[in-house]
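Architecture at a glance
Here's the letter readout for the chains.
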Amino acid sequence: MRILSKKETNYIDEQIPLRTGLPLALVMENVGRGIAEEIINSINSTNNKSASHVVFICGTGNNGADGLVAARQLLEYKIPSYVFIHGDILKGTDLFRTQYTACQSLDIKFVNSMKDIPWHSVGIVLEGLIGTGLTSDLRDPTQQLLEELHHWLTEYNIENLWAIDIPAGVQTNSGQVSKGTLTYTKTITFGASKLGMHLYPGTSYCGEISIKPLGVPWESINMGPHVHTLDKDLVCKLSPIRPSNAHKGVNGHAHIIGGSKSMIGAPIMAAEACVYTGAGKTTLHVPTDCILPVQCKIMPETMVQSFETNADLLLSLTDCTAMAIGPGLGRSKEAESLLTSLVSSFEGPLVIDADGLYALHELRATKQYFIDRNRSVIMTPHIGEFAHLTGQSIPYIQSHYVDMAREFSMAYNVTLVLKGIPSIIALPSGNIYINTLGNSGMGTGGMGDTLTGIIVSLLAQGMNEDTAAILGVYLHSASADFLHHTKPIGYTPSDVGKGIGYILKQLQV
Ligand SMILES: NC(=O)C1=CN([C@@H]2O[C@H](COP(=O)(O)OP(=O)(O)OC[C@H]3O[C@@H](n4cnc5c(N)ncnc54)[C@H](OP(=O)(O)O)[C@@H]3O)[C@@H](O)[C@H]2O)[C@H](O)CC1
Ligand SMILES: [K+]
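Residues numbered from 1 in each chain as written. Chains lettered and ligands numbered in written order. Predicted model: local features only at pLDDT ≥ 70, side-chain atom pairs only at ≥ 80, totals over all residues. Heavy atoms only, no water.

**Structural notes on unusual backbone geometry**
Here the residue pair Y200 and P201 is connected by a cis peptide bond, since its omega of 0° sits within 30 degrees of zero. Tracing the sequence through the fold places P201 in the loop between β8 (193-194) and α6 (203-206). A cis amide bond links I421 with the next residue in sequence, P422, at an omega value of 0°. Mapped onto the elements of the fold, P422 is located in the loop between β17 (414-418) and β18 (424-426). Unlike most non-glycine residues, D165 shows phi in positive territory, near 70°. Summarising the element assignment, D165 is placed in the loop between β6 (160-164) and β7 (186-190). Unlike most non-glycine residues, A354 shows phi in positive territory, near 45°. Here A354 is to be found in helix α12 (residues 354-358). (Helix = DSSP H or I, 4+ residues; strand = E, 2+ residues; numbered from the N terminus.)

Structure representation (structure tokens):
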């Protein structure tokens, strides 16, 4: 499912009249009908017929105009509305003033104060103060107004607070939330949901999201790189189909490099997840000083090799269909020089994770290697590692989450899996995928190692970087969601790895 940025919604508004000759007022009529239908359905399904009044709190932009269209359309169904307008009507947009004039001649009650609303008979309140037109944090008068609204909702125990398009105070692109923003039970949005509705903290203010059509097939408008949700519908088309005569020689040989004296669990989890995801062969390379405990712990299906020096390791990487480096590798000068050698000499599919990313801290020095490669490298940083890679602070990354991921991926030719809540995948083409799965039980050490193992396994089986990253993130989260269903916390990254085959089966149904 596509997700829209602020720039894209503005572009759609601009292009529809240009391409079709249809005025924006007609689009607004469609979205207003969408809002009205949602209200009618809710009123019809509730037993409380005494709470039948609808209240619209509108600004003087097009978001407020959408509310006025809905109020007018409700009259046809004999549903009365009260409207409170915030702001100077004369300074409203053309569409707002048109709708305002139309509503003045109808049986819609405009109130000058919220005190004049019969709150005891109100079932639903819709906020059309500000939509995608939010410019900065909410200004004081708007914050005060929302505070007053909150007072009435609490006093009269009104649960249904619905936002038109996006809650006033939530930034469309970043999901950052202004002081004074209220929490909604539903957001009725148009065409597609907006980025900020999928990113924290914005997502927790929106309530249920209901998408209403614009009435014009806007997806055919070319707007450059897209943002999509990562969900089952998308990955069903990506699921690998293995020929019935496939054997281990054709199912890929994944090599994983990692481990250090104090960290043997991370490479083991990665290697085992790689096996569970179906690689034909999995070899784990660990430093000589930790091979014994690794061999004692790891499942017998993996091959384990040790290396004393980087030169040893590079020589032993034969028959390698895909490689992952980083889990538990440790932070050392050797690791840094290993990374530089691998990035410049290994031409096959490569995943860099964890300490492998840390070893890239002189990223500018190696940037050209990434750009010159025929294929992108997959990097899987969490936000802390991404901050280290980019030199930006964590709060800055959080408030520029999608933009930073996209810029990084395009500049470095990297398929980026940015692990956060939610995780996003940024492709060198500029396209972004926002993960819609996952749960709180995943916040445990080793989950990232398992993800790396899944992704390198998919690469080894012949998937390209972009598909392996997208499908890998999906399989990882879907497997965790399956476990979470019966065991909310305490399932392990290894359990997640073990479940991958079952999720692949679900995708093939
Ligand atoms: N393609 C679509 O999806 C369509 C969307 N539509 C709707 O249009 C809005 C966007 O309308 P727009 O007129 O661009 O802007 P808004 O109405 O969202 O916002 C403008 C009003 O908000 C006030 N504002 C802005 N920033 C602040 C702030 N920081 N604090 C307080 N108030 C703020 C602004 O006041 P000014 O005094 O600054 O002018 C305006 O009053 C979109 O969200 C949809 O709902 C269309 O229906 C067409 C299709
Ligand atoms: K709104």
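Next comes the rest of the description.
**A look at the site of ligand 1**
Residues in close proximity to ligand 1 total 26 residues, the closest being D13, N63, D66, G131 and D165. Residue D13 places a side-chain N or O atom 2.7 Å away from a nitrogen atom belonging to ligand 1. Contact distances for ligand 1 include 2.9 Å between an oxygen atom and a backbone N or O atom of T132. In isolation ligand 1 offers 950 Å² of accessible surface; the protein chains occlude 81% of this area. (Near = heavy atom within 4 Å. Polar contact = N/O pair within 3.5 Å; in protein donor to acceptor, adjacent residues only side chain to side chain. Areas by Shrake-Rupley, 256 points an atom, 1.4 Å probe, with all protein chains shown as cover.)

**Here's the deal with the sheet that holds β6**
Reading across from one edge, β4-β3-β2-β5-β6-β7-β9 is the order of the seven strands in this open sheet, with parallel pairing throughout. Because the sheet does not close on itself, it has two edges, and the strands there are β4 (109-111) and β9 (208-212). Averaged over all pairs of adjacent strands, the angle between their axes in this sheet comes to 25°, without regard to strand direction. Bridge analysis of strand β3 (residues 81-85) against β4 gives three bridges, and the strand direction is parallel. Its bridge partner being in β4, V83 is matched across the sheet by F110. (Pairing = 2+ DSSP bridges. Axes fitted to C-alpha atoms, helices over the stretch in contact; angles between N-to-C directions.)

**Digging into the domain arrangement of the protein**
In terms of domain boundaries, the protein breaks down into domain 1 (2-223) and domain 2 (232-241 + 250-507). Here domain 1 packs against domain 2, burying approximately 590 Å² in sum over the two surfaces, 75% of which is carbon and sulfur. For the pair domain 1 and domain 2, the number of links is zero salt bridges. For the side of domain 1 that touches domain 2, the per-class residue count stands at four nonpolar, three polar and no charged. (Domains from an automatic or database assignment. Buried area = accessible area lost by both parts, 1.4 Å probe. Salt bridge = Lys/Arg side-chain N within 4 Å of Asp/Glu carboxyl O. Nonpolar A, V, L, I, M, F, W, Y, C, P; charged D, E, K, R; others polar.)

**Remarks on the environment of D233**
Tracing the backbone shows D233 in helix α7 (residues 232-236). For D233, a relative accessible area of 60% puts it in the exposed group. Along the sequence, D233 and L145 sit 88 residues apart, while their C-alpha atoms lie 41 Å from each other. (Buried < 20%, exposed > 50% of the residue type's maximum accessible area, 1.4 Å probe, protein only.)

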